[in-house]
Amino acid sequence: MGGTAAGRWAVPADWPRRVGALVRGEVTPVVPRLSATVLLLRDGAAGIEVFLLRRRTSMAFAAGMYAYPGGAAEADDASPAYTAVRETYEETGVLFAGPAGGPPGSLAAQEPDDGRAFADVLARRALVARTELLAPWARWITPEFEPRRYDTWFWVAALPDGQRCANASTEADRTAWLRPADALAGYGRGAYAMLPPTVATLRRLLPYAEDGARAADVRDAAAAAPEPEPVLARVGTDGDALVVTWPGYAEFDIRLPGPSASGE
C-alpha cells in the first residue's frame, strides 16, 4: 500500500492491474500470514500518547509508513497475544513478562537491550509472557489482490510503570510518542505516511483522549468489548471503473481506472 498525500493515503501504481486481475478471476489470493501489532499507550502531560515508529524505506512491506511495533507470528508463538508481547520486546525493549507462577499482571523489571531473543530472556529469568496485560483492539486483513498478505491483530496496552521505549528494531528509522489527534493531524498534512488500518485504529482512540481517559482505561475498555471483527477490503466494478471498499471505513474507498482507461 502507499503513503499519504494531503490527508489521503496514496494508492500504489500497480493496484489497477492487481485489482483488475482479481476481478477477472486471474489471481488466487495468497493465504495471509498471522501477525500482531501493539498500540502502546502512555499517560502524557496533555493526555494519552501512542508509540509510533517509521518503517525504513528499504522494507518490502509498508516502506516509509508510520506504524506500531509488531510483526509476523513465529512457529512457536503460542497465540497472537504472545506474538504481540514478543514483537513489543524485540522492537521497543518493553517487557510484558513476569515470574512464572506469579500473580496475574505481575511484571519483572525491564532490562537493557542486549540483543537476546525474547524466548532466551524468558528462559534465563524464569519468566512467562503477561499476555493478559494486552487487549484486542482491531483486526485487519491485507486485501486479496496483494502478493504479501497479513491477518493482523491490533492489541492495546499501557506502558508499564518504570519502563521506557527504545528503537530496538532494525526495521525502523524513527520513533515518536504522539497524541492520537496530533498523529492524525500529521497524516492530514502529509507529514506522517500511514496505511488505512493505522489511521482507523488511531481514530478509535480519539473519544478516549477527548474524555481524559488514561492508558489503562483504554486497555480495560478494550478487554471488556467483544472480539473485533476482521476488516477485509472488497473489490468490484462500477461501470468501467474498478472499486475497492472497506466495509465500515468509507473514507478509504477508492475508484481505479478499468482496463480501457489504463490501456490494458
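Chemist: I tried to follow the pattern of salt bridges on my own but got confused; where do I start?
Modeler: Opposite charge on two side chains permits them to pair, given that their charged atoms come into close proximity. Summed over all chains, the structure comprises 13 salt bridges. When the shortest N-O distance is used, the salt bridge between Arg42 and Glu49 registers 2.6 Å. Arg86 is the partner of Asp77 in a salt bridge, and the nearest nitrogen-oxygen pair spans 2.8 Å. Residue classification places Asp77 among the buried residues on the basis of a relative accessible area of 13%.

Chemist: Would you mind going over the nonpolar core with me for this structure?
Modeler: For soluble globular proteins, nonpolar side chains are generally found buried alongside one another. Within the largest apolar cluster, 39 residues are counted, with the highest numbers of intra-cluster contacts made by Trp137 and Met194. For this core, the element with the highest residue contribution is strand S9 (residues 135-141), accounting for four residues. Counting 26 residues, the second largest nonpolar core, distinct from the first, contains Ala36, Val38, Trp153 and Cys165.

Chemist: Got a minute to help me understand the packing of aromatic side chains in this structure?
Modeler: How two aromatic rings sit relative to each other is set out by the distance from centre to centre and by the angle between their planes. Counting across every chain of the model gives 11 aromatic pairs. Measuring from ring centre to ring centre gives 4.9 Å for Trp140 and Tyr249, while their planes differ by 50 degrees; the resulting arrangement is tilted. Taken together, the residues Trp140 in strand S9 and Tyr249 in the loop between strand S14 (241-245) and strand S15 (254-257) connect sequence positions 109 residues apart. A relative accessible area of 4% means that Trp140 is categorised as buried. Where Trp140 meets Phe252, the ring centres are 6.5 Å apart and the plane angle is 75 degrees; that geometry is what we call edge-to-face. In this pair, Trp140 sits in strand S9 while Phe252 sits in the loop between S14 and S15, placing the two residues 112 residues apart along the sequence. One aromatic cluster in this structure is built from Trp15, Phe145 and Trp246. Looking at Arg204, its charged tip hangs above the ring of Trp137, at a distance of 3.8 Å from the centre.

Definitions and cut-offs
- Residues numbered from 1 in each chain as written.
- Predicted model: local features only at pLDDT ≥ 70, side-chain atom pairs only at ≥ 80, totals over all residues.
- Heavy atoms only, no water.
- Salt bridge = Lys/Arg side-chain N within 4 Å of Asp/Glu carboxyl O.
- Buried < 20%, exposed > 50% of the residue type's maximum accessible area, 1.4 Å probe, protein only.
- Core = buried A, V, L, I, M, F, W, Y, C linked by side-chain atoms within 4.5 Å.
- Helix = DSSP H or I, 4+ residues; strand = E, 2+ residues; numbered from the N terminus.
- Phe/Tyr/Trp six-rings, centres within 6.5 Å; stacked < 30°, edge-to-face > 60°.
- Lys NZ or Arg CZ within 6 Å of the ring centre and 35° of its normal.

Everything listed here is a matter of coordinates, which is why it stays silent on function.
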